[in-house]
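Summary of structural features
This is what each chain is made of:
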Amino acid sequence: MNAHDGFREFVIARQQALMRTAYLLVGDPHQAEDLLQSVLVKVVAHWPKLARDGNPEAYTRRALVNQYISWRRRPSRELPSADPPEHGISYDEAALDRIVLRQALGKLTRKQRAVIVLRFWEDLTEAQTADALGCAVGTVKSQTHHALARLRELAPDLMDSRAAQEMAR
């Protein structure tokens, strides 16, 4: 019997969900892969205890959030611009909303972004989010309130849309 029995199966079964969380946290697919890989390296070191004692997915999600919050922002080669490209790319309304939301999420603090991702995309309860962040439920409520207020400030048109209302539920 190997000490890492079940780890491969866990990664195969939960990789898409964990990658989605990592992507929503960092907003870049390559950095999301780096984040998830660095967390999985740490998880495998604790796998025997996790497999025996607990909920490896909750531990891994919490490790993702903690690693994301503590990561130093890597220099980006992208140069953000408020002006759309001149070369006639056509976007539908939903695509534009996603772009605006992604840019607004990028302007939140790391903890605010983590709360929004966990609460509204991962559909965790306030208690589960508090557990993933290692904080009190009241902190989750406060961070959610401040993050939504900041999103309303950054993207008022988006926050008035139906999609924003769905997110705020």
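That block above? That's the structure.
Our subject in this report is the structure included herewith. (Residues numbered from 1 in each chain as written. Predicted model: local features only at pLDDT ≥ 70, side-chain atom pairs only at ≥ 80, totals over all residues. Heavy atoms only, no water.)

**Regarding the nonpolar core**
Counting 30 residues, the largest nonpolar core has Leu35, Leu64 and Leu133 as the members making the most contacts within it. Among the elements that line this core, the one with the most residues is helix α1 (residues 7-26), at 8 residues. Excluding anything up to four places from it in sequence, Leu64 contacts Leu18, Thr21, Ala22, Leu25, Leu35, Leu36 and Val39. Ranked by size, the runner-up nonpolar core spans 11 residues in total, among them Ile116, Leu148, Leu151 and Ala155. (Core = buried A, V, L, I, M, F, W, Y, C linked by side-chain atoms within 4.5 Å. Buried < 20%, exposed > 50% of the residue type's maximum accessible area, 1.4 Å probe, protein only. Helix = DSSP H or I, 4+ residues; strand = E, 2+ residues; numbered from the N terminus. Contact = heavy atoms within 4.5 Å.)

**Focus: the pattern of salt bridges**
Pairs can form between side chains of opposite charge whenever their charged atoms are close. Enumeration over the complete set of coordinates arrives at 6 salt bridges. For Glu57, the salt bridge is made with Arg14, and the minimal N-O distance between the two is 2.7 Å. Within this pair, whereas Glu57 is found in helix α4 (residues 56-70), its partner Arg14 is found in helix α1, the two being separated by 43 residues in sequence. Looking at Arg14, the relative accessible area reads 29%, which means it is partly exposed. (Salt bridge = Lys/Arg side-chain N within 4 Å of Asp/Glu carboxyl O.)

**Points about the environment of Gly6**
Turning to its location among the elements, Gly6 is positioned in the segment before α1. The exposure class of Gly6 is partly exposed, given its relative accessible area of 30%. Taking the C-alpha atoms as reference, Gly6 lies 8.6 Å from Trp47; in sequence the two are 41 residues apart.

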